[in-house]
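# Report on the structure
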Amino acid sequence: MLQRLSGLLLSVPLPGAVTLLIGLLLTTPAVAGGVERAIDLHALAGNGDGQPTLIMFASSRCPYCDRAEQHHLAPMAEDAAFADVHIRKVMLDREIVRDFDGNSLPGNALGQHYGVRVVPTIMAFDAEGRPAGRPLVGIPNETLYRSQIRVRIEAARNGAGDGSR
C-alpha cells in the first residue's frame, strides 16, 4: 500500500499531493481505527441476524487494551471468517451504553454487571445477548491470545450461554 501511495503522490502536482496527503492523514484513523465501540448492545441482539457478539471491555488509559485491539481484535473484525460476529468494545471510562436488556448505563456499570475487574476483558455473548463461555481476562499469553478469543467466539456461535446475566 505504501508503494501505491508514494506512486500516487508522485503523479499528482505538489499542491494536490499535499492536499491528498493531508486528506489521507485525516481519514486514516476513521478507516483503520480498530474495533467499533458498542453503544447499543440491545440493537445488536435484537436485530434478528442471529449473530453473536464479542466485547472487549477496555479503558482509555490501558496500553494492553490498545495492544489487544490493534494486534488481535481489529484484524479479526476485518477477517471474513468472523463476519458473522459483532466484534465491539465498551470503554469503561467514556460512554453510556444501552445493554442487551435495553437499559442505558455507564460503561463501567455494565462492566461491573458482568464482573469485569481488569481490562482488557473479553466476553462473548450469543445472538440473544447471553454470556457464552468464560471471560478472557487480561492477555495471559500473547502467543495463544487469538486462539483463546476464537474459543469464546465458538461458544457464542454455538449458543453456549452460561445462564448468568
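Here we summarise the structure given alongside this text. (Residues numbered from 1 in each chain as written. Predicted model: local features only at pLDDT ≥ 70, side-chain atom pairs only at ≥ 80, totals over all residues. Heavy atoms only, no water.)

## Quick notes on the overall build of the protein
Each helix and strand in the protein was counted, giving six helices and seven strands. Element order for the protein, N to C, with α for helix and β for strand: α-α-β-α-β-α-β-β-β-α-β-β-α. The burial tally for the protein puts 36% of its 165 residues in the buried class. Relative to all contacts within the protein whose residues are 6 or more apart in sequence, the contacts with residues 24 or more apart total 69%. In the structure as shown, the protein presents an accessible area of about 9200 Å², 56% of it carried by carbon and sulfur atoms. (Helix = DSSP H or I, 4+ residues; strand = E, 2+ residues; numbered from the N terminus. Buried < 20%, exposed > 50% of the residue type's maximum accessible area, 1.4 Å probe, protein only. Contact = heavy atoms within 4.5 Å. Areas by Shrake-Rupley, 256 points an atom, 1.4 Å probe, with all protein chains shown as cover.)

## So, the environment of Gln 70
Among the secondary structure elements, Gln 70 is positioned in helix α4 (residues 63–78). C-alpha separation for the pair Gln 70 and Val 35, spaced 35 residues apart in sequence, amounts to 8.2 Å.

## A closer look at the pattern of salt bridges
In this structure the tally under the stated criterion is ten salt bridges. Close ionic contact of Glu 95 with Arg 37 constitutes a salt bridge, the shortest N to O distance being 3.5 Å. In this pair, Glu 95 is assigned in the loop between β3 (86–91) and β4 (96–98) and Arg 37 in strand β1 (residues 36–37), connecting sequence segments 58 residues apart. Assessed through its relative accessible area of 14%, Glu 95 is described here as buried. Judged by relative accessible area, which is 32%, Arg 37 ranks as partly exposed. Ionic pairing is found between Asp 93 and Arg 61, a salt bridge with its closest N-O pair at 3.4 Å. With Asp 93 in the loop between β3 and β4 and Arg 61 in the loop between β2 (53–58) and α4, this pair connects stretches of sequence that are 32 residues apart. Overall, the relative accessible area of 68% leaves Arg 61 in the exposed class. (Salt bridge = Lys/Arg side-chain N within 4 Å of Asp/Glu carboxyl O.)

## Regarding the sheet that holds strand β6 (residues 121–125)
Reading across from one edge, β1-β3-β2-β6-β7 is the order of the five strands in this open sheet, with mixed pairing throughout. Edge positions in the sheet fall to β1 and β7 (131–137), since each of these pairs with one other strand and no more. Two strands pair when backbone bridges link them, and β6 and β7 are joined in this way by four bridges, in the antiparallel orientation. Bridge pairing in β7 places Phe 125 opposite Pro 131. (Pairing = 2+ DSSP bridges.)

## Thoughts on the pairing of β2
Of all six residues making up β2, six are buried, and the element is well covered by its neighbours. Sheet analysis places β2 next to β3, joined by six bridges and oriented parallel. Among the inter-strand pairings, Ile 55 is bridged to a residue of β3, identified as Arg 88. Sheet analysis places β2 next to β6, joined by five bridges and oriented antiparallel. When the sheet's bridge partners are listed, Phe 57 is paired in β6 with Thr 121.

## Observations regarding unusual backbone geometry
Note the cis peptide between Val 119 and Pro 120, where omega equals 0°. Looking at the element boundaries, Pro 120 is found in the loop between α5 (107–113) and β6.

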